[in-house]
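# Structural description and commentary
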Amino acid sequence: QLALRPAWGQLLRGQIRLASVNIQGLVLNQRALDKLISLQKKKLLLQSEKGQEAKNVDENLNLPERIELGGVEWLDSQGKSTRLAGRLLFSPSGELDATSVNVLSGQFEGAQVQVQRSGPRWTVLARLAGGSITGWVSAPRAPGVAQPLVLTGELQTRQLEVGRLTKPAVLSGVLEADTTLSARAPTWGDAAEQLKSQSRFTVRQAVVHGLDLEKAVSTVGLSRGGQTALDVLTGQLQTNGTDLHFNQLVASSGALSATGQARVSPNAALSGQVQ
């Protein structure tokens, strides 16, 4: 369902501008969106080859003052569903002023995200899995010209319960992390693909589920199941799009300790070394 409400004052002056857009029951498919982004890239490339100035922002684009979302469903590339509701507010120049989103169902059910413009930056506050993610993001670009977005940001994760993010829980504990973000992308649609991040993290009261490390070592891997409580789990995480690299991993459990590194590829394949 789609409802459009005009800005009545401007309409009486002969100017068409939307005051609000209300969307209910929309289903977004990541695979379809990827195809649309791919088509947009081809369009910009074709304009560039013809010697035309490839504009990322339509100068005639007229964004509404407010977008209301209700019961919107997001299907990721694996077909997993997330339902959310929220609101986006825009300035007269079309810049995002504020947004609030509530996750109704899915992996991050119960999460709340608020973004508020503060000068050249957006402040971020998210409530997720009993913890919080706070910080700022900036993405300056000259309007209406073919200059890339230069996205930067810093986020702090505190008191986040890792075990609530996956079902069944593979790892539980309380996550604390400091993260920096950066990306250079021609459009917002490309930003996620180009996004890079670096995080230093610590998981306190960590428990690995599905593996009793001491029994697995003593039986040369024949033991299965159980769990392992870790005295410490720390490391660094670097991301490049959906490519994940874990470095300087350190874990200890009683007399046993481990160090290593690992990589999770975009197709979720795991590789690495642990000592």
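Anything mentioned here points back to the structure above.
Now for a description of the structure that goes with this document. Because the structure is a prediction, the values reported are computed rather than measured. Here, residues in each chain are numbered from 1, in the same order as that chain's written sequence. Under the rules for a predicted model, residues below a pLDDT of 70 receive no local features and side-chain atom pairs below 80 are neither given nor counted, while totals for whole chains, interfaces and linings still include all residues. As a rule here, side-chain values cover all heavy atoms of the structure and leave hydrogens and water aside.

For the rest of this paragraph, the subject is the overall build of the protein. Secondary structure elements follow DSSP: runs of H or I no shorter than four residues count as helices, runs of E no shorter than two count as strands, and numbering proceeds from the N terminus. Looking only at helices and strands, the protein features 4 helices and 17 strands. Its C-alpha atoms give the protein principal-axis dimensions of roughly 80 × 40 × 35 Å. Here, residues are in contact when the closest pair of their heavy atoms is within 4.5 Å. Put simply, 38% of the contacts in the protein that link residues at least 6 apart link residues at least 24 apart. Note on areas: Shrake-Rupley, 1.4 Å probe, and residue coverage restricted to the protein chains presented here. When the accessible surface of the protein is totalled, it reaches about 17300 Å², and 56% of it is carbon and sulfur. None of His or the chain ends enter the tally, which takes Lys and Arg as positive and Asp and Glu as negative. Note that the charge is assigned to NZ on lysines, CZ on arginines, CG on aspartates and CD on glutamates. In the protein, which carries 28 positive and 22 negative side-chain charges, the distance between the mean positions of the two groups comes to 3 Å.

Counting through the fold element by element, glutamine 205 comes out in strand 12 (residues 196–209). Three labels apply to residues, based on accessible area from a 1.4 Å probe with only protein chains included: buried if under 20% of the type maximum, exposed if over 50%, partly exposed otherwise in between. Overall, the relative accessible area of 60% leaves glutamine 205 in the exposed class. Along the chain, glutamine 205 and leucine 270 lie 65 residues apart, while their C-alpha atoms are 24 Å from each other. Setting aside residues no more than four positions away along its own chain, glutamine 205 makes contact with Ser172, Gly173 and Val174.

Only rings of Phe, Tyr and Trp enter the pairing, Trp through its six-membered ring, and a pair is recorded when the two centres are within 6.5 Å. The plane angle decides the type: under 30 degrees is stacked, over 60 is edge-to-face, the rest tilted. Applying the stated criterion across every chain, the model contains 1 aromatic pair. Centre to centre, the rings of phenylalanine 201 and phenylalanine 246 are 6.3 Å apart; their planes meet at 90°, and the pair counts as edge-to-face. A residue pair is termed long-range when its members are at least 10 positions apart, and phenylalanine 201 in strand 12 and phenylalanine 246 in strand 15 (residues 243–253) qualify at 45 residues. Here the guanidinium or amino end of arginine 121 rests over the ring plane of tryptophan 136, the centre of that ring lying 3.6 Å away. Placement of a charge over a ring requires the Lys NZ or Arg CZ to be within 6 Å of the ring centre, with the centre-to-atom vector within 35 degrees of the ring normal.

Let us now look at the environment of aspartate 76. Position of aspartate 76 relative to the elements: it lies in the loop between strand 4 (66–75) and strand 5 (81–90). Judged by its relative accessible area of 22%, aspartate 76 falls in the partly exposed class. Remark: the alpha-carbon pair of aspartate 76 and asparagine 29, spanning 47 residues in sequence, is separated by 6.5 Å. Of the polar contacts made by the side chain of aspartate 76, one reaches the backbone nitrogen of lysine 80; its length is 2.8 Å. Two N or O atoms count as a polar contact when they lie within 3.5 Å, although within protein this holds only if one can serve as hydrogen donor and the other as acceptor, and sequence-adjacent residues are included solely when both atoms are side-chain atoms.

Let's shift gears to the environment of leucine 171. The residue leucine 171 is located in strand 11 (residues 171–185) in this model. Taking the relative accessible area as the measure of exposure, leucine 171 reaches 22% and is therefore partly exposed. As a C-alpha pair, leucine 171 and valine 207 span 36 residues in sequence and 5.7 Å in three-dimensional space. Residue contacts for leucine 171: discarding those within four places in its chain leaves Val162, Gly163, Ala206, Val207, Val208, His209 and Leu233.

With that settled, consider unusual backbone geometry. Peptide bonds are mostly trans, and most non-glycine residues show a negative phi. Although it is not a glycine, glutamine 159 sits at a positive phi angle of roughly 60°. Of note, glutamine 159 is situated in strand 10 (residues 149–161). With a phi angle near 55°, glutamine 205 is a residue other than glycine that sits in the positive phi range.

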